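Structural overview
Okay, here's what each chain looks like letter by letter:
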Amino acid sequence: MNEDIRIHSWPCSYYLDTSKQWVSGRLLLTPVAIKFTADKTGELLVNFHLSSVSEIKKESSNLIFSSLTILEKNTKHWFSSLQPNRNVVFNILEHFWREQLLSSQGAGAEAAALQSTKGKELTGLLTGSQKQLEDTAKVLHYQGEQFDNIMRGLNKIEGDMDVADRLLTELESPSWWPFSSKLWKAPLETKPKETATVSDSKNQEGIIIRIPVIITHRTDSNVKPGKLTLFASGLEISDCNSQVIHRFESKDVDDIRVHTPYEISVRQRFIGKPDTSYRLLSAKMPEAIPVLEMQFSKKIQFLEDALGFVGARKSPQVDLGTSIWQAATGLLGGVVQPGSPVGGREGTDNDQVQLQKQEKISQEEAKELKQILKKLKGLALETEAELERQDEALDSITTSVDRATLNIDKQNRRIKKLT
């Protein structure tokens, strides 16, 4: 499916060496390939894999100005009249080409270890699940801190309400009441120290994920390379020198649109002035979108070209975790000990023969898999405990808010009587 996704296309001209002439058409980039289609005939004149590219350059000569050249194996392809401009096309093509090279190196390393494909496949599956669960735990931890801060704020409000209640009682008391002076003094000294601990957690938050991106600002026609960093409290866009361009706190983000699995836009609305909006394109964006979806579930919107992506990976987290856990433990038991029954059930002789024919994994891989499974189980238990704690905190917050609302209504009625 990824090979058919259109990341970007640009109007341009291509130099056709066979006829020695420039042909107008569109340059198309997919996650794995570069293509060029002629406008008049609709013929696909260029189609090659990104991994076969050895160089992308901006070139010019006496006859050809502002051209982009792509060296594919021993063939040099010339593109000119690029719209909106050459720099935009160059930055995007170079980004996806470099990321493809990095992933190709990883693929080469896997190809060198084909004798343990099953172990590598299972390790990659569990490592990805562990990373996603760790990201979830970070977000839940931050949410737990927010709940704690809310509870502190509500406790302070309740204390202030007690003070207000005593003051109202003092005002309602007759002038001859002998205990009036004590009512003014008692509660005022216990409150100021509470606020100091609330704002310290912000500087201690960790990075969930950081990916290279191509940045387009709302007011710019140009693009520039940079980085997208996701925190539990929001997201940050920076340039290649790690200088912050803009930081969105979670409350500042009004909507996130997923245009394709590789491109998103983030916007903050304002009344009376232009919105702050950034469009971000990255070969690593599929890794960041699940985290964004978890953090901004009510603000994220998948557009038409991205619906296939979300549909392919959308499933209840519990079912996903259970299926991964069962598949991993079952496969691990069957592969490490191919002669023993799987899951405690006695197999037939044919089953044992088939298991012996399956790929075996090394002892090192088996040990690594067991360690990952142990971490996954611990993370799952911690996440479940944190969710239960947050459910209890939500119940407490709801109760406190209801109680505070009733107290405010009562005090409003008492104030009206006094006035």
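Cut-offs used in this document
Residues numbered from 1 in each chain as written. Predicted model: local features only at pLDDT ≥ 70, side-chain atom pairs only at ≥ 80, totals over all residues. Heavy atoms only, no water. UniProt positions renumbered as here; feature names shortened; annotations may be inferred. Salt bridge = Lys/Arg side-chain N within 4 Å of Asp/Glu carboxyl O. Helix = DSSP H or I, 4+ residues; strand = E, 2+ residues; numbered from the N terminus. Buried < 20%, exposed > 50% of the residue type's maximum accessible area, 1.4 Å probe, protein only. Pairing = 2+ DSSP bridges. Axes fitted to C-alpha atoms, helices over the stretch in contact; angles between N-to-C directions. Phe/Tyr/Trp six-rings, centres within 6.5 Å; stacked < 30°, edge-to-face > 60°.

Within an unreviewed UniProt entry, the label attached to the chain reads Synaptosomal-associated protein 47, and the organism entered is Spizaetus tyrannus. Within the UniProt record for the chain, the comment given under Sequence similarities (unreviewed entry) is "Belongs to the SVAP1 family."

A complete count under the given rule lists 12 salt bridges for this structure. Of the charged contacts, one joins Lys 76 and Glu 59 as a salt bridge, the two residues approaching to 2.9 Å between their closest N and O atoms. In this pair, Lys 76 sits in strand S7 (residues 75-80) while Glu 59 sits in strand S5 (residues 53-59), placing the two residues 17 residues apart along the sequence. A salt bridge links Lys 251 to Asp 252; its shortest N-O distance comes to 3.4 Å. Overall, the relative accessible area of 68% leaves Lys 251 in the exposed class. Linked by salt bridges that have partners in common, Asp 255, Arg 267, Arg 269 and Asp 275 make up one network.

With that settled, consider the environment of Ser 250. Relative to the assigned elements, Ser 250 resides in the loop between strand S11 (244-249) and strand S12 (255-260). For Ser 250, a relative accessible area of 24% puts it in the partly exposed group. Along the backbone, Ser 250 and Phe 296 are 46 residues apart, and their C-alpha atoms lie at a distance of 7.8 Å.

Attention now moves to the sheet that holds strand S2 (residues 21-29). Hydrogen bonds between backbone groups are what pair the strands of a sheet, and the pairing can be parallel or antiparallel. Judged by pairing direction, the sheet is antiparallel, and its seven strands sit side by side in the order S4-S3-S2-S1-S7-S6-S5 without closing on themselves. The strands lining the two open edges of the sheet, one partner per strand, are strand S4 (44-49) and S5. Strand after strand, the sheet turns through a mean of 30° between neighbouring axes, direction not considered. Of the strand pairs in this sheet, strand S6 (residues 67-72) and S7 are connected by five bridges, and their pairing is antiparallel. Paired with Glu 72 across the strands is Thr 75, a residue of S7.

Attention shifts here to the packing of aromatic side chains. All told, the structure shown has six aromatic pairs when counted by the stated rule. Arranged with centres 5.1 Å apart and planes meeting at 40°, the rings of Tyr 14 and Phe 79 form a pair that is tilted. One end of the pair, Tyr 14, is in strand S1 (residues 8-16); the other, Phe 79, is in strand S7, and 65 residues separate them in sequence. Of the two residues examined, Tyr 14 and Phe 79, each falls in the buried class. With centroids separated by 6.2 Å and ring planes inclined at 85°, the aromatic side chains of Phe 248 and Tyr 278 adopt a geometry described as edge-to-face. Taken together, the positions of Phe 248 in strand S11 and Tyr 278 in strand S14 (residues 276-281) put the pair 30 residues apart, joining distant regions of the chain. There is no split in this pair, since Phe 248 and Tyr 278 are both buried.

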